[in-house]
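Commentary on secondary and tertiary structure
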Amino acid sequence: MTGVKRIKAERVKNVKVKITWKEMVKQKELILLSVPFVVYILLFGYAPLIGWVMAFQKYKPALGFFHSKFIGLDSFKFLFVDNPDFIRVIRNTLAMGVINLVLGTVFAIGFALILNEVVHKTPKKIVQTVSYLPHFLSMIVVCGILKDALSIDGGIVNEILVKVNILSEPINFFTYKSLFWPIVGFANVWKETGWNSIIYLAAITAINPDLYEAASIDGAGRLRKMWNITLPGIKPTIFILLLISVGGVLNAGFEIQYLLGNGLVQSVSQTIDIYVLKFGISQNNYSIGTAAGIFRSMVSIILIFLANSAARAADEERLF
Amino acid sequence: MEATNIIYKKKRNKSISMSRLIVSLIIGLVLTGFVVITIYPILNTLALSFNDGLDALRGGIHLWPRKWTLANYRTVLHKESIMTGFYISVLRTVVATVVQLSLTALISFIISRKRFLFAKQISVLYVMTMYVSGGLIPGFLLNKMLGMTNSFWVYIIPGLVSAFNMLVIRTYMNGLPDSLEESAQIDGAGYFKIFVKIYVPLCKPVFATIALFIAVGQWNSWFDTMLYNRMNVNLTVLQYELMKLLSSVSQLSGDANQSAQSASSTAVQVTTTSVRSAATILTCLPIIALYPFLQRYFVTGLTIGGVKE
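Thresholds, definitions, all that
- Residues numbered from 1 in each chain as written.
- Chains lettered and ligands numbered in written order.
- Predicted model: local features only at pLDDT ≥ 70, side-chain atom pairs only at ≥ 80, totals over all residues.
- Helix = DSSP H or I, 4+ residues; strand = E, 2+ residues; numbered from the N terminus.
- Buried ≥ 20, exposed ≤ 12 C-beta atoms within 10 Å, placed from the backbone.
- Rg over C-alpha atoms; globule rule 2.2 N^0.38 Å.
- Contact = placed C-beta atoms within 7 Å.
- Nonpolar A, V, L, I, M, F, W, Y, C, P; charged D, E, K, R; others polar.
- Expected span 1.5 Å × (residues − 1).
- Core = buried A, V, L, I, M, F, W, Y, C linked by C-beta atoms within 7 Å.
- pLDDT = per-residue confidence, 0-100.

**A closer look at the overall build of chain B**
- Within chain B one finds 14 helices and zero strands.
- Along the chain direction, N to C, the helices and strands of chain B fall in the order α-α-α-α-α-α-α-α-α-α-α-α-α-α.
- Residues counted as buried form 37% of the 309 residues belonging to chain B.

In structure tokens form, the structure reads like this:
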């Protein structure tokens, strides 16, 4: 391992090339080929950032960026002070984001640990193949399937719950506010557990097999080895993935909430993205929509940095 | 002496194998449960899609239809919007996969050249977009300004090069020996030729993986249709049509009156829910049909690429 690292380091040192006219002429083909890509990303990746000025203006499409009236932080004031909806929307987004993050991580690790205990190749392969499938289905399909399973007219969940006497009669799950977050959490677990476990399984295979052998000689059982070797072995992976996902906690909600939400559960289903869509696109209030979007981006960036410095303080794996 | 030893050993082995058996049994049960929970809802929707709609409201349909009918599928397939959606979905999937894969491969090749002066700057420019983006509204306005509303190209252009896919391909290309490039250069090949003649054939496994990601993403997307092409029935996609079916019953699911009404109006025994089941199955059919053949690509591709997310 160290040998590989050294070779890599040497190679990088070798190719340190200074920017000179001669070198540029030599590489003109590469430079010419890359120009369209640079233009493309500047246009589609960075030009939209200019649009952030809209949040500080009373933006009117007819007037454009330059002639719209500057209103300072009024849009933000509207969101946070004048309008109680937005605080609730933030709460919903955060709650569902955290639920998805925690459940997603726990289930993926648990699934990887259990799958790792399967010795026979064929059943392992079959379970893996099945578990990745839902990842490739669209959220719309997943919601369609979910609606069939939770349906009040003969859905399997109602049927089972009535049979074991938890419910006296079938209920319509989508009308209960208290059930909306659990349903969203379950849908995400159902869709992504197998897929998310791929990376943990890969991390487990990288653990030195000698450790297991030594533990067996010392008389450790399967659970013991799982707890004392496998879990510590994949801890860096868990940390890195958590760090990556923490920044995305507020991104964790559009499709499923949009598809499953309805008037009855609106107070718990609406997320920032839906709010932006509602204000920005449907009501053409670009200023409010952009302000809400900026707030989300800022929180994501702050969260990433916070998580990263927390990891640094704890002396764990970190992003940068 | 020896005999007792053997007996003792046997006993011990037996108790160990007993506990091993129990653990294996538990693992087996948990994983079977997992597979059942994953597969059952899909099969249930499949059964419902072949079942008579009104009959299904009585419940009790699990893995096999009780009252067979093709009426649900007939209703779906007779909808003109669904057929248009199917055509556009296939078209956008094919076009986007070809175009986006070629371009992502080319930029990955460029930034993985170790001698290239601006490799680092261009990578940073792309990777930054994974974390910082203008957001929905500025992006929407930009695309509108560029005339991409009511246009097929809004499906292709905005996601032309994805930074994540670029990183996967770059990692793979970095793993190929530098001597390939050097020896080809000595033979007088230019960079573009090296890319086409040497790197493209060598990168087939990772290309297969990325092509799969792009294709699935394209097939499954609907938000762009809703945002930009809602008004244009000729540019609708299958998922968006399914979404409309889904939301049309979202507040009425279980409302037998409404279902009966729609049944009597079409004079066949279909309900909004049964039609939705049929549309759901049709929409995920291509993915489920191709999945067994393609699944080995994404796993190998991912492990080679060394990244996920």
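**Considering the overall build of chain A**
- For chain A, the count of helices and strands is 16 helices and two strands.
- In terms of C-alpha radius of gyration, chain A reaches 26 Å, well past the compact-globule figure of 20 Å for 320 residues.
- Considering only C-alpha atoms, chain A reaches an extent of 80 × 75 × 40 Å along its principal axes.
- For chain A, with 320 residues in total, the buried portion stands at 35%.
- The long-range share in chain A, meaning contacts at least 24 apart out of those at least 6 apart in sequence, stands at 67%.

**Considerations on the interface of chain B and chain A**
- Each partner contributes to the interface: chain B provides 76 residues, whereas chain A provides 68 residues.
- Secondary-structure elements contributing two or more residues to the side of chain B that touches chain A are α1 (2-49), α4 (80-111), α5 (119-128), α6 (136-145), α9 (191-202), α10 (204-220), α12 (238-248) and α14 (272-305) of chain B.
- Broken down by element, the residue count for the side of chain B that touches chain A peaks at 13 residues, all from α1(B).
- Tallied by class, residues from the side of chain B that touches chain A come to 45 nonpolar, 24 polar and seven charged.

**What to know about helix α7 (residues 163-174) of chain B**
- Between its terminal C-alpha atoms α7(B) stretches 16 Å, which fits the 16 Å expected from 12 residues at 1.5 Å a residue.
- Buried residues of α7(B): B:Asn165, B:Met166, B:Leu167, B:Val168, B:Ile169, B:Arg170 and B:Tyr172, and no others.

**Section: the nonpolar core**
- A:Ile140, A:Cys143, A:Leu259 and A:Ala292 are the most contacted members of the largest nonpolar core, which totals 109 residues.
- Filtering out sequence-adjacent residues up to four positions away, A:Leu259 remains in contact with A:Met139, A:Ile140, A:Cys143, B:Met243, B:Leu246 and B:Ser247.
- Counting 14 residues, the second-largest nonpolar core is a separate cluster that includes A:Leu115, A:Ile198, A:Ile199 and A:Leu241.

**Observations regarding the confidence of the model for chain B**
All names here are of chain B.
- Here chain B shows a mean pLDDT of 83. Residues at 70 or above account for 84%.
- Mean pLDDT in chain B bottoms out at helix α13 (residues 256-266), which sits at 45, and peaks at α4, which reaches 94.
- Contacts of residues 250-267 to residues separated by more than four positions or lying in other chains number 28 contacts, the stretch itself having pLDDT below 50.
- Residue range residues 305-309 is modelled with pLDDT below 50. Its contacts to residues more than four positions away, or to other chains, number 12 contacts.
- At the level of chain-chain contacts, confidence expressed as ipTM amounts to 0.83, with global pTM at 0.84.

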